[in-house]
Amino acid sequence: MKVKVWGARGSVPAPGPEMNRYGGNTSCVELELCGGSTLILDAGTGIRGLGVGFAAKLPTINILLTHLHLDHIQGLMFFAPCFRSESSITIWGPSSPEASLAARIGRYISAPLSPVEVRELPCDVSFLDTPATEWELGGARIRAESVTHRGPTLGYRITDSDGTTLTYISDHEPGLGAPLEEIGQEWISGYDLARSADLLIHDCQYTDEEYPDHVGWGHSRLSDTLTFARRTDARRVMLFHHDPLHTDDFLDTFLDTANGRWRALGGEPGQLTMASERLELEVSAPAPAPAPAGA
Amino acid sequence: MDQRPLELILARNFLTGLSTPAFLVDEGGSIIFYNEAAGDLLAISFEEFGQKPAEEWSGAIGPFGADGKPIPIEELPTTQALRAGRPAHGNFRIRSLKGDEHDIESTALPIVAEGGQEGGMIFFWPTAGRGA
Ligand SMILES: [Zn+2]
Ligand SMILES: [Zn+2]
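Cut-offs used in this document
Residues numbered from 1 in each chain as written. Chains lettered and ligands numbered in written order. Predicted model: local features only at pLDDT ≥ 70, side-chain atom pairs only at ≥ 80, totals over all residues. Heavy atoms only, no water. Salt bridge = Lys/Arg side-chain N within 4 Å of Asp/Glu carboxyl O. Helix = DSSP H or I, 4+ residues; strand = E, 2+ residues; numbered from the N terminus. Buried < 20%, exposed > 50% of the residue type's maximum accessible area, 1.4 Å probe, protein only. Phe/Tyr/Trp six-rings, centres within 6.5 Å; stacked < 30°, edge-to-face > 60°.

**Structural notes on the pattern of salt bridges**
- For the structure on display, the rule yields 16 salt bridges over all chains.
- Here A:Glu280 makes a salt bridge to A:Lys4, at a shortest N to O gap of 3.8 Å. On the criterion of sequence distance, the pair formed by A:Glu280 in strand E14 (residues 280-282) and A:Lys4 in strand E1 (residues 2-7) is long-range, its members being 276 residues apart.
- Overall, the relative accessible area of 53% leaves A:Glu280 in the exposed class.
- With its nearest N and O atoms 4.0 Å apart, the salt bridge here joins A:Arg195 to B:Asp2. Here A:Arg195 is found in the loop between helix H4 (191-194) and strand E11 (199-203), whereas its partner B:Asp2 is found in the segment before helix H1 (6-16) on a different chain.
- A residue is classified by how much of its surface remains accessible, and A:Arg195, at 29% relative accessible area, is partly exposed.

**Structural notes on the packing of aromatic side chains**
- One pass over the full model with this rule turns up eleven aromatic pairs over all chains.
- Ring centres 5.0 Å apart and planes at 40° place the aromatic pair A:Trp92 and A:Trp135 in the tilted group. Taken together, the positions of A:Trp92 in strand E5 (residues 88-93) and A:Trp135 in strand E7 (residues 135-137) put the pair 43 residues apart, joining distant regions of the chain. Side by side, A:Trp92 and A:Trp135 carry an identical accessibility label, which is buried.
- Arranged with centres 4.5 Å apart and planes meeting at 45°, the rings of B:Phe23 and B:Phe124 form a pair that is tilted. Of this pair, B:Phe23 sits in strand E1 (residues 22-26) while B:Phe124 sits in strand E5 (residues 116-130), placing them 101 residues apart in sequence.
- The class for B:Phe23 is buried, based on a relative accessible area of 5%.
- Classification of B:Phe124 by relative accessible area gives buried; the value is 9%.

Here you go:
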């Protein structure tokens, strides 16, 4: 599975010369599955850049939205394939008793916030609630489950046909009211989604020092992200959803701190990555243990 | 053990922060958590309680009716209401493991999420107590 980050920022785009290396665009990750199909995770402003190069690619596009906060849907209206009649786009997202997914997204893609309405888009677009049970897209098995954030929010577990598993939980505060080091695993939000993932892409918006001013805002501090990753046995971890105040230099230092803490928790060097725009990773499941000789 | 539904995880987090004695039950009505205030009232922490089947404790703790006889938890109006997906309010007496007795007013609220009922929260309001 190939992973490419198009937007790693949380909350609001944060462009500027001091943000150039990690990038200022909000959440969007492209997955190329081993069968050749593509899945897009979230449609923050990063999806605009993805759409530019997407012109000649497959006309069928699946976008999996974690939730409808603006930093996860703002790029939809600027995603070039939406403006092509040959595109067929399916947008998956959390259900709500209040209104359909189409109606809720339509509040953003409509006047006065938008110059176009959903029905005016030339592409064939459909909006689907994520199923309660695992389903299949492009040969991969997808599981969506609610996680602790503010408002209905999903995390995704994507298992490719070769067994590689990626977990994406962009906005998550599993440590809210729950001491993650000691609490039983059945009480940890997102545990089943993240268990033994080959790559866990996870919220790491705040330092431990910043967190006390943001308790209950729906995001993780570093120590909770790392403890969550250790408890769930993630093989690799990508720290994601950077705070808009965190500059390149700040994030460099933050990664050093994270690596130190990770080792102290028993993690191995090289397992942590700081998400940055256009970062590409090849993710694979561990090779199966060789069968015992003579068995 | 599989992860609990998110709504029960959030309910546990919420109850943990309360000073009102409160219990969390699963969809079958079994106690899956109670907070420190409830532990104070019963004189046994949830961690200790959780290590034995509920029947072993209920004879000692109660609840008891006005006649002093134990009421099976399954027969409490609150339990029955929860199982039927309704809120309920009721009275009974409990005895802590230290032997002191408390008259309790109890309110039970079902936790219903998109997939149906996942459990319930039961709050205890001690109205009177007597030392052993
Ligand atoms: Zn976000
Ligand atoms: Zn959010």
